[in-house]
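What follows is each chain in one-letter form.
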Amino acid sequence: MYVEFDTILERLNQGRLWDFPGGVHPDGRKTLSNKHPITHLPMASELYVTVKQHIGTDGQVCVNVGDRVLKGQPLTRSTNPFAVPVHAPTSGHIKAIGPHVAAHPSGLSKQTVTLTPDGEDEWIELKPLKDYQKQAKTRIIEAICAAGISGMGGAGFPTHIKVAPKHNVEFLIINGVECEPYITADDCLMREHAWQIRQGIDVLMHLLSPKKVVIAIEDNKPEAIEAMQVACDKTSDILVVPVPTKYPAGGEKQLIQVITGREVPRQGLPIDVGVITQNVGTCYAVADAIMHGKPLIERVVTLTGEALNRPRNAWVPIGTPMSHLLAQGEYHAKRQQTPNVIMGGPMMGFTVTSNDVPVVKTTNCMLVGADHEIDLTQHEEPCIRCSACADACPASLLPQQLFWHSKAQEYDKAQDYNLFDCIECGACAFECPSHIPLVHYYRKAKADIRHQQAEKDKADKARERFEARKERLAREQAEREEKHRKAAEARRQAMNQSGDDAKDKIAAALARAKAKKAQETGAGSSTASTDAPSSNDKVAAAIARAKAKRAQAAGSPSADETPSASEDNKQDKVAAAIARAKAKRAAQKTEAAQESTPDVKAETPDAGSDANDKQARIAAAVAKAKAKRAAQQTEAAQESTPDVKAETPDAGSDANDKQARIAAAVAKAKAKRAAQHSEAAQGSTPDVKAETPDTGSDANDKQARIAAAVAKAKARRAAKADDKDQ
Amino acid sequence: MKFAVASSPHHRAKRSTGDLMRLVMLATLPGVILQIWFFGWGNLVHFAIAGITAVVTEALILEVRKRDFERAIKDCSALLTALLLALCIPPFSPWWVSVIGTVFAIGIVKQLYGGLGYNVFNPAMAAYVMLLISFPVIMTGWLPPYSLTPVSHNPLDAAWIIFTGFTTDGYSLEQLRMGIDGHTMATPLDMVKTDLTQSLTVSESLARPEYADGLSTAWAWVNIGFLLGGLYLLKIRAIKWHIPVSMLAAMAIAAGILMLADSDRFTSPLFHLLSGGTMLGAFFIATDPVSASTTDRGRLWFGAGIGLWIVIIRTWGGYPDAIAFAVLVMNMAVPLIDYYTRPRTYGHRSEHKKVIRRQDEQEGK
Amino acid sequence: MLGLIAMIALGLLALVFGIVLGYAAIRFRVEGDPLVDQIDDILPQTQCGQCGYPGCRPYAEAIANGDEINKCPPGGEATIKQLADLMGVEAKPLDAAHGEEDVKKVAFIREDECIGCTKCIQACPVDAILGAAKQMHTVIVDECTGCDLCVDPCPVDCIDMVPVEPTPTNWRWQLEPIAIKQVQ
């Protein structure tokens, strides 16, 4: 049943809470680190700021190697609502930008900005928003995002998304439970900075306007409870609630259950039951960002474990490598048979793979346990179905069934037992008398299921693309045949007319018009064949080349490649001549038909003559694209022969390149054969040649290539859209 | 520097499977002591025989299966099976009874099914049933309580009779089994059952001199001993309350209803609860985690089923006691019970479906 | 007479049952889930043709018509197992004649060497190569199925098949050094 707000409030005021099923009571070991105030550490010699430290997408790195950056200067730019920027933790120089081992159990690398501090610790200009109550809420949220704040409790969800104003926020729960053994970062933060946390809560209250704020603190932290009570004394909206010590009471879902008796629906969010939770560390960071304008560049990290001689809490700049922390904590290597460092607590933390792993925004603890504290060499024994795991599970799952099915890779059955409702708290594996690493099996199963899903999605996509391609090929084939049939008809008609030139022209125009009409009424093939651009276009290109040649003959040295290359090649010349002739004839025809080719002609010549000029080339590409589009409209019953010839001159233009020459020769031969074939069968040559004219002259130009690729993509998309229309 | 890696959690509760098994064995102590007190040292000798057989059998089979048997022996699960079986065997049965029983329990019921954690049936009970069916005379040959026997017997006597069939003084088992008045002794359940078939009423049967002389009391004491051990197990959370409570409650209710229907033909709930192996069964046998149900609600059904079957078989069945049969029958039902008694996972309340549907609709838009 | 009655009775019964069965056949007709679709769903859709058929669907059709299920190297043992389950036949080891199971790879074009011949584009079964004649080509990594078909047509051998690198997001908890040692 759904517990009403008033009931919850009544119970909270009476000091009564709900309980969650299961849970375990591991030895807290908190006194190891919480006896000293939070200290500042000397700066590490190098900082490794991972670009993506939160759930969401990467930001874009906006600094370059060698740049000097100031403390608090953004290193990445947020380009997406789910991207959170990272900032320089101190002033210094950017040493490298590239992959570096990340704070992740896999020990794989992530994009990282390496910063060499210069020791000046010079701040960038800070812009606090002290009068935030008068500011628009969007500005506050922007400021929170710009400060790079993501949830500091564990998952690292971007805070600015979580605090975007919503309706019906009944409870804002501030999570100061810190139920993991050993960790005391939040505890010490609350003891020392209760007031600033309060300021952060005020900002969040302003943004979210909850009906009630509850600060939940586990009852094994009396000092923190007292400090927060003092800080929140004056307001009745905020309630400090001691929560019974039980792991994992600090889990978001469990905490909501303990405070409100409500359960976050599966696949749902806390807001679905009117609750928003924030970690105390996040509140502190929000206050820092709004009241002082400081971005999130350092956090409290608990350095603990018996293998450290000086366990304590410290302010650690984000990006500080483990090696530095180990040195500062005075690591005692003899207390560990196999060296190991755990980032996070003993229940949910992960072992880091190397001591270069940097501190990230979610790092709350570095645990370096002595051998008797941490047991990594567990021997798995057979499950005796004692179901101690089920008794410990806070989500009321059946861990043992999940284990059987995960181990046997019966993933559908594992999902049937709600595998994905597991929060990986580790309570089951903690209790297991057979020392089965249950959570590891679940993680693996989850990762495998996700992987399978991704594979399946990919396979589906591949299938779709494969089928789309098959369809396209079939369609193109059909179109070609249709086109050739029409062309043949048109020619026959033209032949039937008397040989007069004028008549010819009229006939051609007529044929074109007819063909066009037929096409329009027909399969709508006029636009679909973007990959097989019309011959008009080629004609225009051929003309352009021809003109360029003439210009060169007149003494212009700039139109270099084409003629010089083709001079070597007799065949080429002949071919070019034929091409020219045919092109001319074709051009006359087109002119007569008052089609749109003229402006293509107008531009292409200088594309040829200014061949070295980049800009002109791009212009040419644009012109080409235009021409293509125009050509599509004018596409008509022209023969395909010109385009075969059109290729030949420029094939020669690559002549300096041996390989290319050979390739060109082969291509030419093929084209010729194809042409003969097509002439005989009234068929057209393949569309490949479509783009050859301008690519020939642009052969070395990267930009033009890209332009061409883009044009191609666009054309394809257009073709696709056409498909849809059909 | 490279570090060792492992999957979390890196911290564990101290209690291991072996600890659990040893705790259960420890908890049988009050019952065992009382049983020795009343019925002589026989069970302890049998435990020794069965224990050795169990360990040897397990080691041999694991060796054949190429598994690490040392670790498996250390978890004490085989010893516990041997202990439970030894406690069920009449104290002065021949030695080979417990050997055969144990070999069957460990070799066939446990290891052939895949070893610890994979067996469907409770090994001790399956072996007991096998013995009961194969050697019915021996397996019902319970001695009269210690105080009643005309011959004194010490541990040496017990061992002697188990291995040779005679005490050191030359008494045969049959002689030992004779009561003071020359009647063959049996368990109270057995006697009542026999008497009822001879058309005596329950009260008439219970009025027989053997009862007055403490046969019934002895069994009641043994049961109380195991009850104490069971309560200890509950206290240290080695077992959960669901199975014993539901089993005993189901027995009491079923027996109570029957008694109310006809008190001449059906015995009282208290008689059911405190005779035979009821308490041993409730706290030590039915709670065997491997072959019992694994969900809380499932355990309630499992225990209640056992309780019901015990009363049914004791009342109408062919055997006087029924713990073993009842447990085996319910073992078979465990997968079914488990499947239908899955707990509701966090966030899977019915009203949540509405929330999700609402979200889906919104997304659909 | 008796025989006649018996015959009539049996005939009537036969008629009644026949009608009932006929009705049931129509009323409870099960639309057969096309087997080919189910098989096609299991196949990895690399469209590589290593099975000897021009794509996954043709192979799915062939399997449905009784071809062997062990001709798909990209799918490997997992696919064979699934197919065996679906078809109710014994799983077999992969037929080496069609290739061996390999890690997942994608095509990579060394763009400096590409001459823009478009041969790979034509070979790609899923249109995952972008480019035009005389323009360097590039592979759309997300769309590449790793089928290998573009490697052979390339006249300058500028296409490599590179294994897909693990990233923290697709990492599957392979903690090799972890001591998950089993007793049973």
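Residues numbered from 1 in each chain as written. Chains lettered and ligands numbered in written order. Predicted model: local features only at pLDDT ≥ 70, side-chain atom pairs only at ≥ 80, totals over all residues. Heavy atoms only, no water.

The secondary structure content of chain B amounts to 20 helices and zero strands. The 365 residues of chain B split such that 57% are buried. By sequence separation, contacts in chain B at least 24 residues apart represent 76% of the contacts at least 6 residues apart. Element-wise, carbon and sulfur atoms account for 67% of the exposed surface of chain B, whose accessible area totals about 15,700 Å². (Helix = DSSP H or I, 4+ residues; strand = E, 2+ residues; numbered from the N terminus. Buried < 20%, exposed > 50% of the residue type's maximum accessible area, 1.4 Å probe, protein only. Contact = heavy atoms within 4.5 Å. Areas by Shrake-Rupley, 256 points an atom, 1.4 Å probe, with all protein chains shown as cover.)

The subject of this paragraph is the sheet that holds strand β2 (residues 47-50) of chain A. For sheets, the rule is that strands pair by backbone hydrogen bonds, running either parallel or antiparallel. All names here are of chain A. The strand order across the open sheet built from four strands is β2-β7-β6-β4, with neighbouring strands paired in antiparallel fashion. Two strands bound the open sheet, and with one partner strand each, they are β2 and β4 (68-69). As judged from the four bridges shared by β2 and strand β7 (residues 109-117), these two strands associate in the antiparallel manner. What sits directly across from Tyr48, in β7, is Thr114. (Pairing = 2+ DSSP bridges.)

Next up on the list: the interface of chain A and chain B. Contact residues are listed per partner, giving 73 residues for chain A and 48 residues for chain B. Taking both sides of the interface into account, the surface hidden between chain A and chain B amounts to around 5,300 Å²; carbon and sulfur atoms contribute 52%. Ranking the residues of chain A by area buried against chain B places Glu263, Arg266 and Ile384 of chain A at the top, with a combined share of 14%. In this assembly, chain A and chain B are joined by four salt bridges. Residues Glu263 of chain A and Arg344 of chain B are paired through a salt bridge, measuring 2.8 Å at the closest nitrogen-oxygen approach. For the pair chain A and chain B, the interface holds 27 residue pairs in polar contact (both at pLDDT 80 or more). Taken together, the residues of the side of chain A that touches chain B sort by class into 34 nonpolar, 24 polar and 15 charged. (Buried area = accessible area lost by both parts, 1.4 Å probe. Salt bridge = Lys/Arg side-chain N within 4 Å of Asp/Glu carboxyl O. Polar contact = N/O pair within 3.5 Å; in protein donor to acceptor, adjacent residues only side chain to side chain. Nonpolar A, V, L, I, M, F, W, Y, C, P; charged D, E, K, R; others polar.)

On to the UniProt feature "binding site: [4Fe-4S] cluster 2" (unreviewed entry) in chain C. All names here are of chain C. Within this structure's numbering, the places UniProt gives as "binding site: [4Fe-4S] cluster 2" (unreviewed entry) are Cys114, Cys117, Cys120 and Cys154. These residues run over 41 residues, yet every pair of their C-alpha atoms falls within 10.4 Å of each other. Among the structural elements, Cys120 can be located in helix α5 (residues 119-123). Sequence-distant contacts of Cys120, defined by excluding residues within four places in its chain, comprise Ile109, Ile129, His137, Cys150 and Ile159. Looking at the secondary structure, you find Cys154 in the loop between β3 (138-139) and β4 (159-163). (UniProt positions renumbered as here; feature names shortened; annotations may be inferred.)

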